[in-house]
Amino acid sequence: MSNLTDISYVKGVLGKHGFTFSKALGQNFLINPSVCPKMAEMCGCGEQVGVIEIGPGAGVLTNELAKTAYKVVAVELDKRLLPVLGETLAQHNNIKIINGDAMTLDFVQLIQEEFNGGRVVICANLPYYITSPVIMRLLEEKLPIDSLTVMVQKEAAMRICAAPGTRESGAISAAVHYYAQPELLFKVSAGSFLPAPKVDSAVIRLNIRNQPPVTAADETMFFKVVRAAFLQRRKTLANSLSAGLSMPKADISALLDSIGIPSNARAEEMTMQQFADIANSLSEQEH
Ligand code: SAM
């Protein structure tokens, strides 16, 4: 019988299968036994709510999710972990492991096929090398999920959760806030992982919104503006937008002036509404 809260058991199974950690795949496995039960509890999965996990690793979080959710579908890129998972998760009959890449997998189809219109959440200790692109991909696809609970590096967690208009905010804050209401759940020390990364981590939950908090006539334009605004963080908004959108600075300054935004303002001072106002004015100008 497997005991995934016992690090020597996990190490033993990994060793038996000749597994070595890949830095390139962001393989830092959780060894702090208190973290996974908390994540499983706080992610909202249950008897009526299925869960998708990205990167099960040796299966420590998968095991806790399977105790709580009626069904777990876990997507692992590293084929070498499949026999490990076959052994560590053998006692569960509600887990499906898919060998795939979270960056390219068709999650819309997966949810339809595996959860048949039922409620679903995502829960993962994300590989650090794809934190932002994978989060953005899952949000942009507008998947029929309630929330996304993910472990990310602490810095990334702070940035993602920072409210637009505050000093800590960045392009990812505005992009995430458009689709979800982020919440910082708890912090996790670097020593909770094997091998230990250089920095601490945190678990955040992104509660998917039914409606965006602002109305952007053209969503693509909204995200283009957000990206351009933060492209050169230290510069003024007018300079960043001019460079990022390839438009003369005088035109940008006039546009900002017309909607009451000083052209020497900084991207991090912009609220979601102000980003939407800029995007909507640019869309109008295009027509
Ligand atoms: N969930 C395990 C845990 O908490 O101990 C492992 C987490 S580890 C930070 C990230 C996991 O994601 C690894 O198992 C790694 O092989 C897997 N992974 C890396 N890139 C991936 C990708 N593009 N798609 C799916 N899984 C990936």
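Just above, that's the structure.
What counts, and at which threshold
Residues numbered from 1 in each chain as written. Predicted model: local features only at pLDDT ≥ 70, side-chain atom pairs only at ≥ 80, totals over all residues. Heavy atoms only, no water. Buried < 20%, exposed > 50% of the residue type's maximum accessible area, 1.4 Å probe, protein only. Helix = DSSP H or I, 4+ residues; strand = E, 2+ residues; numbered from the N terminus. Pairing = 2+ DSSP bridges. Right-handed = clockwise from strand over helix to strand, strands pointing away. Near = heavy atom within 4 Å. Polar contact = N/O pair within 3.5 Å; in protein donor to acceptor, adjacent residues only side chain to side chain. Areas by Shrake-Rupley, 256 points an atom, 1.4 Å probe, with all protein chains shown as cover.

**Student:** In this structure, what is going on with the pairing of strand β3 (residues 72-76)? I would like to understand it.
**Tutor:** The side chains of a regular strand alternate between the sheet's two faces. Among the five residues of β3, five are classified as buried, and the element is accordingly described as predominantly covered. Across the two faces of β3 the burial is the same, with V72, A74 and E76 and V73 and V75 all buried. Sheet analysis places strand β2 (residues 49-54) next to β3, joined by four bridges and oriented parallel. When the bridges of β3 are listed, I54 appears paired with V75. For the handedness criterion, the β-α-β arrangement of β2, helix α3 (residues 60-68) and β3 is classed as right-handed. One ladder, built from five bridges, connects β3 with strand β4 (residues 95-99); its direction is parallel. Looking at the pairing, V72 lines up with I95 of β4.

**Student:** Sorry, what's going on with the site of the ligand here?
**Tutor:** Among the 24 residues in the neighbourhood of the ligand, the closest are listed as L30, G55, E76, D101 and N125. Within the contact set of the ligand, a nitrogen atom lies 2.8 Å away from a side-chain nitrogen or oxygen of D101. Contact with the protein chains covers 100% of the free accessible surface of the ligand, which is 590 Å². Of all the elements in the fold, those that place two or more residues in the shell around the ligand are β1 (29-30) and β3.

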